[in-house]
Amino acid sequence: MRLDRLLTMTMILINRKKVKAQELAELFEVSVRTIYRDVETLSLAGVPVISQQGVNGGISLIDGYRVDKQVFTKEELASLSIAIKSALTSYEDAHAEAVLEKLTGVADEKVKQSIDQLFIDLSPWGHNVILKEQITLLKKAIENEYCVSFTYSTGYGQTSNRLIEPHTIVQKGKVWFVYGYCLLRESFRLFKISRMKNLTREMTSFERKEVNLSALPWNEDWFQPQNLVDLTLSFDPKIMTLMEETFGADNVNIENLSVHISLPEDEWLYGFLLSFGHRIKILKPTHISEIVQERAREIVDLYRDNES
């Protein structure tokens, strides 16, 4: 997490007059270039950080600069602690754990109670050790700006060897992805981490490209108007709550037990609709209904063949 690194770096600079960039890079297990980028971020945020070159150079704060001990309100301290605890459910980060320990160490009893009032567990059901290891590896590769290679499988079972420049780890719904520049396709792509095999951090470094992550670029292709289909579903009243949880209460008509929503049409959509079994019926469009019916017949035929 970059946030915990920036916070820890600020505390180190407050407690020490001058620190070498290489020393900070080794401490946080990132590149020197990343450290200088962090220095620029702190400076833009109003922290008076200065960097001096040469034998006696290093990174330091302007003389006389002090930070009020009440940098965070109690509510902010609790929110920050909750965010770090939540992130640590998905990957390992010794520095984030150290920051969390520092935050809880200075918190009073009321703040500690607030921290325990909300816990966000981002890990999947069951103990998926491999996924956590993959996320940890990808996080370190992103921080140190190293390429990663892996064998990637599509939803249709096709495989290809990929070498990418990882930029961002993304959790979309319940699924984890890595967003990076694919050197094979020469463009940014979104890769589902569960489909990545033989994930390896390479020694090839890269320079991070400018990406406007606030615009959620991974949504651009999937939710293009030409890829969307308008769905109308009817459902069993017994799963009313499930429908509202899945599609959002605004898209559910309680009076006639129907759902109206636009979703991208692909293999995922067919499987998603089938997952509701006999509890829903596709009213529109007709071609989606026909495809799902055909898939259902194939499932029935599969079990009939097993019985014979």
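Going by the structure above, here's the rest.
Residues numbered from 1 in each chain as written. Predicted model: local features only at pLDDT ≥ 70, side-chain atom pairs only at ≥ 80, totals over all residues. Heavy atoms only, no water.

A. Main features of the sheet that holds strand S10 (residues 258-264). The antiparallel open sheet is built from four strands, whose spatial order is S9-S10-S8-S11. Two strands bound the open sheet, and with one partner strand each, they are strand S9 (252-253) and strand S11 (280-284). Across seven bridges, strand S8 (residues 228-235) lies against S10 in antiparallel orientation. Paired with Leu228 across the bridge in S10 is Pro264. (Pairing = 2+ DSSP bridges. Helix = DSSP H or I, 4+ residues; strand = E, 2+ residues; numbered from the N terminus.)

B. Spotlight on the pairing of strand S6 (residues 187-192). Pairing geometry for strand S5 (residues 175-182) and S6, over six bridges, is antiparallel. Looking across to S6, one finds that Phe177 is bridged to Lys192. Hairpin connection of S5 to S6: four residues between the antiparallel strands, including Glu186 at a positive phi of 55°.

C. Quick look at the sheet that holds S6. An order of S6-S5-S4-S3-S7 is seen for the five strands of this open sheet, with the pairing classed as antiparallel. Unpaired on one side and paired on the other, S6 and strand S7 (196-205) mark the two borders of the sheet. Strand-to-strand twist in this sheet, taken as the mean axis angle between neighbours without regard to direction, amounts to 45°. Where strand S4 (residues 159-172) and S5 come together, eight bridges link them in antiparallel fashion. Bridge pairing in S5 places Ile164 opposite Cys182. (Axes fitted to C-alpha atoms, helices over the stretch in contact; angles between N-to-C directions.)

D. Main features of the nonpolar core. Core analysis: the biggest nonpolar cluster contains 21 residues, and Met243, Phe247, Leu273 and Ile288 have the highest contact counts within it. Broken down by secondary-structure element, the contributors of at least two residues to this core are S8, helix H9 (240-247), S10, helix H10 (267-274), S11 and helix H11 (286-307). (Core = buried A, V, L, I, M, F, W, Y, C linked by side-chain atoms within 4.5 Å. Buried < 20%, exposed > 50% of the residue type's maximum accessible area, 1.4 Å probe, protein only.)

E. Looking closely at helix H7 (residues 129-144). A rise of 1.5 Å per residue sets the reference length of H7, with its 16 residues, at 22 Å; its end C-alpha atoms lie 23 Å apart and thus fit the reference within 8%. Looking only at H7, the buried set comprises Leu131, Gln134, Ile135, Thr136, Leu138, Lys139, Ala141, Ile142, Glu143 and Asn144. Where H7 ends, the next residue or the one after it, Glu145, has phi of about 60°, a positive value. (Expected span 1.5 Å × (residues − 1).)

F. Geometry of the packing of aromatic side chains. For the structure on display, the rule yields nine aromatic pairs. Consider the rings of Phe150 and Phe191, whose centres lie 5.3 Å apart with planes at 75°: the pair is edge-to-face. Placement of the pair is Phe150 in strand S3 (residues 146-153) and Phe191 in strand S6, with a sequence separation of 41 residues. By relative accessible area, Phe191 is classed as buried at 2%. Judged by centre distance (5.2 Å) and plane angle (20°), the ring pair of Tyr179 and Phe188 falls under stacked. The class of Tyr179 is buried, set by a relative accessible area of 8%. Taken together, the ring pairs connect Phe247, Trp268, Phe272 and Phe276 into an aromatic cluster. Taking NZ or CZ as reference, Arg201 lies 4.4 Å from the ring centre of Tyr146, over its face. Directly above the aromatic system of Tyr181 lies the positively charged group of Lys209, at a separation of 4.3 Å from the ring centroid. (Phe/Tyr/Trp six-rings, centres within 6.5 Å; stacked < 30°, edge-to-face > 60°. Lys NZ or Arg CZ within 6 Å of the ring centre and 35° of its normal.)

G. H10, seen in detail. Among the residues of H10, Leu269, Tyr270, Phe272 and Leu273 are the ones counted as buried. In an axial view of H10, the angular spread of the buried residues amounts to 165°, which keeps them on one side of the axis. The distance from a side-chain oxygen at the start of H10 to the backbone nitrogen of Trp268 is 3.1 Å, and the residue carrying that oxygen is Asp266. (Arc of directions from axis to C-beta. Polar contact = N/O pair within 3.5 Å; in protein donor to acceptor, adjacent residues only side chain to side chain.)

Nothing here speaks to function; it is geometry throughout.
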